[in-house]
Amino acid sequence: MSLIDRLKARPDVTGWLGWCAAHEERLRTIPLLIAAAVFAVQGIRAGVRVEDGDFYLHWQFARRFVYHELLYADGLHVPYPPFWAAVWSPIAGMPLQVAKMVCYPLSIAALGVVLWILNRLTGKRLPLSERALFWGTVAALAIVSRFLVRELPECGPNLLLMALAWSAVYLWTRHRDVAAGLCLGLATAMKCTPAIFIAWFAWKRQWRLAATSVAASAAFFLAPAIWQGPADYERHVRIWLMNVGLGAGQVDPTVGVLGPETLQNLSLRPALARFLMHLSAGHPSRLDHPGYLEFLDLSPVAAGRITKLALVALLACAAWAFRKPVVRRDDLSLVWECAAVGALALLLSPITWYQHCVALLPVFYLFTRTAAARGRPAGWMWAVVSLFLLVVVVLNRGLIGRDTSLLLASYHLTTWAVLGAFALALGGTARSREAEEVATERTVGLLLFSHLIPVSLRARFSWTGTFLAIGLVLRLYHYLRDPSLWHDEAALVINVLDKSFLELLGPLRFSEAAPPLFLWLEKGVSLIAGESLLALRFAPLAASCAALVLFVPVARRVLHPAAVPWAVLLFAVSDRLLWHACEAKQYAVEAFAAVVLMAAWAFTRAWSTWQRAALLALLAPALLWLAYPAAFVYGGLLIVLLIELLRSKRAFDWFGYGLLCVAVFVAFGLLLAGPIHAQRDETIVACWDTMNQFPDWGHPARVPVWMIRSTCDLVGYCIKPVGQWMTPLALVGLVLLWRDRKRDWCLLLVVPILLALAGSCIKAYPYGGMRVMAYAAPAVFLLVGAAVPWCLEQMAKRHTWAAAPLVALLIVPVVRAGYCVACPWERADCAAAAAYVSQHRQPDDLVTANHWEYLYYFRRLGRDFVPLETLALPRDRMWVVVTGAGPADREPCLALFGTPPWSTKERREFDRTTVLFVERRGSESSTSVAPLARRP
């Protein structure tokens, strides 16, 4: 029974309803006239006060873009990327007043699009008569009227962003994921806030839309470079990232991107800080008013931590509320969830002005429509809406005066009202989910699954989540442990810090090699977040965690449900992948790139061949320049797609495949002719040859043995320390997948490894148990995981305890991971040695050391630090830091300072490192130290 029907059933209001029903068409003119008057008044105000509001700033931003001026001069629009200026560039040539009048109708157009979409999304589940629909829409608009009135003079940019985001939702419900991704990508490139919808789609495992959105947003984000040019665009992006990083990295929660927070910012962070800290005199959020009360007096650091914890908790609550998978895309609870996501964006955004809060319109539209279609909502929902109306609509400045309005604003009542709207959306989600009838075969299957097999498979899924959590915790632990820099890692870090972006495309110092996009990523992080190891290691950590999380749905699509936990366990506790997650090297990113391409193949099962090829072509330049071994994975994809094409008769599929080939070969060709050619030298090849990574063609009979041994070493590297013994399991898993008619996956997992083997045969790429093969680890885990349940079952058939050896073998990597938590990997303690020297040295003391690590740790000493290999003019007082695997390795260097004229005043031992403080005896000044050969 609808709300109107319920009211009609009450005798005390029947007369009024009868009169209203008789004159309903005339009554409609009242809100229409009010809306027309508001639109006209705000239009006149916009035309008269042309420089008020943000539209003038957008116009100025666009003019700077068109005339190649610095966009962010005088702090203009520092939170906005350059693409925002490109979007507004069509109005740059118009006079300001003309531009404003031209753009003003866009606000009504965008609002109309949003209302039309909401009606389409809810019409089937919440049918209403034309009369009820009209008055329900009027009620929703009235609730958010204050925000709409503020948005109109700005010409509707926030309504436009909301229209794009909800267009993506609408197109997604119609199974048009690519078009939806383009809409959402455009909105995200214009302003970062809509990216929360991409996160929501990814959380709901809508990978196709999420991937398309990310790719589209990246393309739109890079588009201004066409007009600005690469150098000017890079400068603007660097400034934008620097400002955003400074705002996001503030310890004090009362300071944001634009400086000290004002009362107009409605986001949750400054609202929480208001009650946790005493604001200093002169702070823009502090009032000199008798009603202004202060509460806790925490330090900025403590308040900042509590605030961040609260924001994370809010995000976690939202993630838990949205945890249900998508059963049907037309489910009304999903529309409620999208409305909640819009409210959540307002709370989490660094800057939320009143006009941004038009994003709450879907929440109240759903509320009023549900009330009209299904009757009276819960009492707490009415309470939330009533308080929202009181705070936002009734208690306005015109009614209570300026001073009282500012006082109420100092307590951030509007922010708490927005939080109430978010709770209202969550409540609507829960009630709608309860009211929805389960009618699809998939849902019925899930119900039967949970009731008929409550122990085995449900337990396995819980184990999968447990192993995933363990893997993430292990990675975060080793990252926060902040281990000392090691030799090869130091070589890459020094190149990143010392070279420019352009120089990183050429030869690197210390015979180092790394993909250019990864080097640029590290360089950008160092410029934004500083040169600390935690900052430089963050990208590999994020890539490793993302790869583990993404690996879970990939495994569920490839393997039998019983095999998924085993594969996830091997990935989570892999000793080498844990090592790579806490080092500033590219190997974690290479494993991530391999998982991304596997996911692209797995999640596009229902796509046509040309759509798959187009997506892979779009990803190719970024992934190939981010991870060299992605070329091997693309080789496997090209072979699998070619086999599919041989069965296809559509010319468009061949066109998509040709586009993919062009993208792959052009991107890889540029790499081969540029960075790869510049970085490859004889030292690298000789090192690989010494480590037996190439076949010995001088003895052809030994080559097959070498291939088998190197393959076992590869599996051993991925599953240390018992991987060699699991190589037969990988072969069994390959056979099982082939028998299960997953032959495309067999090729996709094996061909990239075989291509590396082929590369080693021509001495182009090493093959075996080396970190350059880390990209093959996900494939190894899938193959081994596929074999484990079958092998356990076959062994158990023979005897109850026959499977015990295999179980013990699988437990060894877990024990190894736990052991490394208690006793981390052995590594020279260069950080502690460098810190000790820096703490005790005098300003004129010279520091010398024998390893590359110290070029990083002593980089700020300038001429007071000289590498031992180039030391020619020692001073009278010197600190000597020598690192080596054992005392015998360190003694040759230490012996140089153990004889006259040197006198050892202090000696201190660290793990694999010795620190000497020496002074020169007598007055000799010509003593020199012969340069030492650098350790390879």
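See the structure shown above.
None of the values given here were measured: they were computed from a predicted structure. (Residues numbered from 1 in each chain as written. Predicted model: local features only at pLDDT ≥ 70, side-chain atom pairs only at ≥ 80, totals over all residues. Heavy atoms only, no water.)

Undergrad: Where do I start with the overall build of the protein chain in this structure?
TA: Looking only at helices and strands, the protein chain has 45 helices and 7 strands in total. Over its C-alpha atoms the protein chain spans a radius of gyration of 32 Å, differing by no more than 12% from the 30 Å that the globule rule assigns to 936 residues. The dimensions of the protein chain, computed from C-alpha atoms along their principal axes, are 105 × 80 × 50 Å. By residue count, 52% of the 936 residues in the protein chain fall in the buried class. Partitioning the contacts of the protein chain with sequence separation of at least 6, the portion at a separation of at least 24 is 74%. Element-wise, carbon and sulfur atoms account for 66% of the exposed surface of the protein chain, whose accessible area totals about 42,100 Å². Each charge class in the protein chain can be summarised by its mean position, and for the 87 positive and 64 negative side chains these summaries are 8 Å apart. (Helix = DSSP H or I, 4+ residues; strand = E, 2+ residues; numbered from the N terminus. Rg over C-alpha atoms; globule rule 2.2 N^0.38 Å. Buried < 20%, exposed > 50% of the residue type's maximum accessible area, 1.4 Å probe, protein only. Contact = heavy atoms within 4.5 Å. Areas by Shrake-Rupley, 256 points an atom, 1.4 Å probe, with all protein chains shown as cover. Lys, Arg positive; Asp, Glu negative; His and termini not counted. Charge placed at Lys NZ, Arg CZ, Asp CG, Glu CD.)

Undergrad: Even after reading the chapter, I still don't get the packing of helix H33 (residues 587-602) against helix H35 (residues 630-645), so can you show me in this structure?
TA: To describe two helices that pack against each other, one gives the angle between their axes and the distance between the axes. It is the contact of H33 with H35, at a shortest axis distance of 9 Å, that shows an interaxial angle of 15 degrees. By the angle class used here, H33 and H35 are roughly parallel. The chirality of how H33 crosses H35 is right-handed. On the side of H33, the interface is formed by Ala594, Leu597 and Trp601, while H35 contributes Ala630, Val633, Tyr634, Leu637, Val640, Leu641 and Glu644. Classifying every residue of the contact of H33 with H35 by side-chain character gives 9 nonpolar, no polar and 1 charged. (Axes fitted to C-alpha atoms, helices over the stretch in contact; angles between N-to-C directions. Parallel < 35°, antiparallel > 145°, perpendicular 65-115°, else oblique. Left-handed = near helix turned anticlockwise from the far one by under 90°. Nonpolar A, V, L, I, M, F, W, Y, C, P; charged D, E, K, R; others polar.)

Undergrad: Hey, could you run me through the packing of aromatic side chains in this one?
TA: Aromatic ring pairs are defined here through the distance separating the ring centres and the angle between the ring planes. This structure, assessed with the given rule, holds 41 aromatic pairs. When the ring of Trp172 is compared with that of Trp200, the centres are 6.0 Å apart and the planes differ by 80 degrees; the resulting orientation is edge-to-face. Taken as a pair, Trp172 in helix H11 (residues 157-173) and Trp200 in helix H13 (residues 195-203) lie far apart in primary sequence, 28 residues in all. What makes Trp172 buried here is its relative accessible area of 1%. Between Phe367 and Trp382, the aromatic rings sit 5.3 Å apart at their centres with planes inclined by 85 degrees, giving edge-to-face as the arrangement. On the criterion of sequence distance, the pair formed by Phe367 in helix H20 (residues 361-374) and Trp382 in helix H21 (residues 379-394) is long-range, its members being 15 residues apart. For Trp382, a relative accessible area of 29% corresponds to the partly exposed category. (Phe/Tyr/Trp six-rings, centres within 6.5 Å; stacked < 30°, edge-to-face > 60°.)

Undergrad: Help me understand the sheet that holds strand E6 (residues 902-910), please; the structure alone is not making it clear to me.
TA: Sheet strands pair via backbone hydrogen bonds, and the direction of the pair is either parallel or antiparallel. Spatial ordering of the open sheet is given by E4-E3-E5-E7-E6, a layout of 5 strands whose pairing is mixed. Looking along the sheet, the strands with just one partner apiece sit at the ends: strand E4 (865-867) and E6. On average, adjacent strands in this sheet sit at an angle of 20 degrees to one another, irrespective of strand direction. Here E6 pairs with strand E7 (residues 913-920) via 8 bridges, running antiparallel. Bridge assignment links Ser903 to a residue of E7, and that residue is Glu919. Contacts between helix H43 (residues 830-840) and the sheet are confined to strand E3 (846-849), strand E5 (877-883), E6 and E7, with E5 contributing the most and set at about 175 degrees to the helix. (Pairing = 2+ DSSP bridges.)

Undergrad: In this structure, what is going on with the pairing of E7? I would like to understand it.
TA: Along a regular strand, successive side chains alternate from one face of the sheet to the other. Most of E7 is tucked away, with 7 of its 8 residues classed as buried. Strand direction decides the pairing type here: E5 and E7, joined by 7 bridges, are antiparallel. Bridging across to E7, Met878 finds its partner in Val918. What sits between the antiparallel neighbours E6 and E7 is a turn of 2 residues, in which Arg912 has the positive phi angle 60 degrees.

Undergrad: What exactly am I supposed to notice about the pairing of E3 here?
TA: Both faces of E3 are covered, namely the face carrying Leu846 and Thr848 and the face carrying Val847 and Ala849. Both E3 and E5 contribute to a ladder of 4 bridges, which runs parallel. Directly across from Thr848, in E5, lies its bridge partner Val880. Across 3 bridges, E3 lies against E4 in parallel orientation. Opposite Ala849, over in E4, you have Pro867 as the bridge partner.

Undergrad: Would you take a moment to explain unusual backbone geometry for this structure?
TA: Leaving glycine out, the prevailing phi sign among residues is negative, and the prevailing peptide bond configuration is trans. The linkage connecting Lys720 with the following residue, Pro721, adopts the cis geometry, with an omega of 10 degrees. Mapped onto the fold, Pro721 is located in the loop between helix H38 (703-718) and helix H39 (727-739). Here Pro900 and Pro901 are connected by a cis peptide whose omega angle stands at 10 degrees. Here Pro901 lies in the loop between helix H45 (887-895) and E6. Its identity as a non-glycine residue notwithstanding, Asn692 has a phi of 60 degrees, on the positive side.

Undergrad: I keep staring at a nonpolar patch on the surface and nothing clicks. Help me out?
TA: Taken together, the side chains of Leu387, Leu390, Val394 and Leu399 make up a nonpolar region of the molecular surface, amounting to roughly 370 Å² of accessible area. Counting residues per element, the nonpolar patch draws most heavily on H21, which supplies 3 residues. (Patch = residues over 30% accessible without salt bridge, like charges linked within 9 Å, V, L, I, M, F, W, Y side chains within 5 Å. Salt bridge = Lys/Arg side-chain N within 4 Å of Asp/Glu carboxyl O.)

Undergrad: How should the environment of Val394 be read in this particular structure?
TA: Relative to the helices and strands, Val394 resides in helix H21. For Val394, a relative accessible area of 38% puts it in the partly exposed group. Taking C-alpha positions, Val394 is 58 Å from Leu577, a pair spaced 183 residues apart along the chain. When residues no more than four places from it in sequence are discounted, the contact partners of Val394 are Leu389 and Leu399.

Undergrad: I keep staring at the environment of Thr262 and nothing clicks. Help me out?
TA: The residue Thr262 is located in the loop between strand E2 (259-260) and helix H17 (268-276) in this model. The exposure class of Thr262 is partly exposed, given its relative accessible area of 26%. For the pair Thr262 and Ser410, spaced 148 residues apart in the sequence, the C-alpha separation amounts to 9.2 Å. Ignoring sequence-local partners within four residues, the contact set of Thr262 consists of Pro284, Ser285 and Trp353.

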